[in-house]
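# Fold and contact review
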Protein chains: 2
Amino acid sequence: MTDARPLEDFGPTDAMVADVFQRDCTSRQLLEAVTGRWGVLTVVGLRDGAVRFNALRRRIDGVSEKMLAQTLQTLERDGVVVREVRATIPPHVEYSLTALGRRVADDLTRLIDVLEGATVEVAASQRAYDARRDA
Amino acid sequence: MTDARPLEDFGPTDAMVADVFQRDCTSRQLLEAVTGRWGVLTVVGLRDGAVRFNALRRRIDGVSEKMLAQTLQTLERDGVVVREVRATIPPHVEYSLTALGRRVADDLTRLIDVLEGATVEVAASQRAYDARRDA
DNA sequence: GTATGCACTTACTTTTCGTTAGTGCCACCC
DNA sequence: GGGTGGCACTAACGAAAAGTAAGTGCATAC
């Protein structure tokens, strides 16, 4: 943010005011990275500090190595997570959150609390819906 | 929630304590419905009151009719949105949020505010990342 | 010296998604 | 009164994404 972007770098679809409802807005890309299939669990999984790749993979039940790697790369590119290679013997890789990542993780954690608290209600709603459908 | 679920209805994977990190937890299903490809925008798009199908579709840039219909059905089944047919002439359909939906929408709105406020930072991060990769 | 863990990448399959077209009904326009 | 368009979807098909399995090179543990 220290250097301004020249005006000609702004394309026609690159609105001045960010809006996730707009298809080509940068914030929409970020939303998809963060709330994609494995984005939420990845970000929240890094909330309590630096975690190694395979530890994170074990924490997030169901994620494949491929998808975790891909998700982490996208999030790193977007400035949500940081990848660091520790020069230990043997060397290992640690992932952690940026300042932006921590803000995102806080919001997502609040969301998850709501969702986890709603499971009984949701299961009941599903049963009622399916009963209506079957009839 | 007025009637208790018999103990035998709980399967082995249906933990007593909800945890989104567990693959088979109901809360994980709900997380995927809410944060799926179009879930976030659908829920937040209903935040200011009842909206008709095609109005919502116009609001969410890029969504297809098929995916919006599918997303709304899943969210209805999970008890996040309500579908109501108004008996006007001609009749029309309105979607709105449940109490749970409103709580979810509030959290998601806070998240979106963070994301929309981070676009410049994110664009810079992307450029830096790509420059590193190209080198 | 065999097995396992680490942090990935690549090739292949399956699932999901997007695109297009079609449905029946009604209102509006000229 | 015949054409156009909106409404709220569903169905069929090709394209994109995700899941699965195996391979990589190095290092430690047994």
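Residues numbered from 1 in each chain as written. Chains lettered and ligands numbered in written order. Predicted model: local features only at pLDDT ≥ 70, side-chain atom pairs only at ≥ 80, totals over all residues. Heavy atoms only, no water.

## Some details on the protein's contact with DNA strand D
Contacts to DNA strand D come from 19 residues, most closely from K66(A), M67(A), E65(B), R83(B) and Y95(B). For DNA strand D, the backbone portion of the atoms within 4 Å of the protein, that is sugar and phosphate, comes to 66%. Contact between DNA strand D and R37(A): a phosphate oxygen at 3.1 Å from a side-chain N or O atom of the residue. Between DNA strand D and the protein, one listed contact pairs a phosphate oxygen with a side-chain N or O atom of N54(B) at 3.1 Å. Listed by contribution, the elements that provide at least two residues to the surface near DNA strand D are α4 (65-77) of chain A together with α3 (53-59), α4 (65-77) and β3 (92-97) of chain B. (Near = heavy atom within 4 Å. Polar contact = N/O pair within 3.5 Å; in protein donor to acceptor, adjacent residues only side chain to side chain. Helix = DSSP H or I, 4+ residues; strand = E, 2+ residues; numbered from the N terminus.)

## Things to note about the pairing of strand β3 (residues 92-97) of chain A
Residue and element names in this part refer to chain A. For β3, the tally of buried residues reaches 5 of 6 residues, placing the bulk of the element in the interior. Note that strand β1 (residues 51-52) and β3 share 2 bridges and pair antiparallel. Note that in β3 the partner of V51 across the bridge is Y95. As defined by bridge partners, strand β2 (residues 81-86) adjoins β3 across 6 bridges and the pair is classed as antiparallel. By the bridge assignment, V85 is partnered in β3 with V93. Counting the residues between successive antiparallel strands, the hairpin from β2 to β3 contains 5 residues. (Buried < 20%, exposed > 50% of the residue type's maximum accessible area, 1.4 Å probe, protein only. Pairing = 2+ DSSP bridges.)

## With respect to the relation of the copies chain B and chain A
Superposing chain B onto chain A takes a rotation of 180 degrees plus a shift of 0.0 Å along the axis, which leaves an RMSD of 0.0 Å. Look at the turn and shift together and you get a two-fold axis relating the two. Closest to the rotation axis within chain B is the C-alpha of T35(B), separated from it by 2.7 Å. Most of the interface of chain B is mirrored in chain A, where 100% of its interface residues are also at the interface. (Least-squares fit on C-alpha atoms with pLDDT ≥ 70 in both. Contact = heavy atoms within 4.5 Å.)

Just distances and angles here, no functional claims.
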